[in-house]
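# Residue-level structure breakdown
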Amino acid sequence: RSGGMPEQIDDDASDIVGEHEAEDVLMLATLIGIGHEEHEFLWIAKEAYQADLPGGWEIYFDEEGKHFYYNTESNTSTYEHPSIEFYRKLYQDFKIKDEEFRKRQEERELAIGRQDDEEEVAVPATADTG
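Parameters and conventions
- Residues numbered from 1 in each chain as written.
- Predicted model: local features only at pLDDT ≥ 70, side-chain atom pairs only at ≥ 80, totals over all residues.
- Heavy atoms only, no water.
- Core = buried A, V, L, I, M, F, W, Y, C linked by side-chain atoms within 4.5 Å.
- Buried < 20%, exposed > 50% of the residue type's maximum accessible area, 1.4 Å probe, protein only.
- Helix = DSSP H or I, 4+ residues; strand = E, 2+ residues; numbered from the N terminus.
- Contact = heavy atoms within 4.5 Å.
- Phe/Tyr/Trp six-rings, centres within 6.5 Å; stacked < 30°, edge-to-face > 60°.
- Arc of directions from axis to C-beta.

## A look at the nonpolar core
Ile32, Ile34, Ile44, Ala45, Tyr87 and Tyr91 are the most contacted members of the largest nonpolar core, which has 15 residues in total. Per element, the largest residue contribution to this core is five residues, and it comes from helix 2 (residues 19-32). For Ile32, the contacting residues outside a window of four places in its chain are Ile44, Ala45, Ala48, Ile84, Tyr87, Arg88 and Tyr91.

Quick look at the structure:
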């Protein structure tokens, strides 16, 4: 496999798209900012890969065969997908929510652990009157 992507991520990407599309999805994941260990966010790259271009945008190829995007309304062109910022923000928003959720889970687990510790201490010892 090319691109130096870890095998596990290649497998994860292949699970959500066809194997021949996995490399493109992984490249998009990198452009979006999704880290190599953030498998749970690959769906964002898949969505970006499958998304239609916004209105007024078309794909062309330069002299070297590299594709670029051209906006017919504003007569501007870019090598970066016109919607990439949307997907970067989507990823950042979900990452923040995920981190907040994990933090709340850890706090709950700590609180439950403290509550269990307090209950153990609060249980009075019984004396044997035998």
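Structure shown, so let's carry the discussion forward.
## A few points about the packing of aromatic side chains
For the structure on display, the rule yields six aromatic pairs. Consider the rings of Phe86 and Tyr87, whose centres lie 4.9 Å apart with planes at 90°: the pair is edge-to-face. Put simply, the rings of Tyr60, Phe68, Tyr70 and Tyr79 pair up and form one aromatic cluster.

## Remarks on helix 3 (residues 42-50)
Listed in full, the buried residues belonging to helix 3 are Leu42, Ile44, Ala45 and Ala48. Viewed end-on, helix 3 has its buried residues packed into an arc of 155°, placing them on one side of the element.

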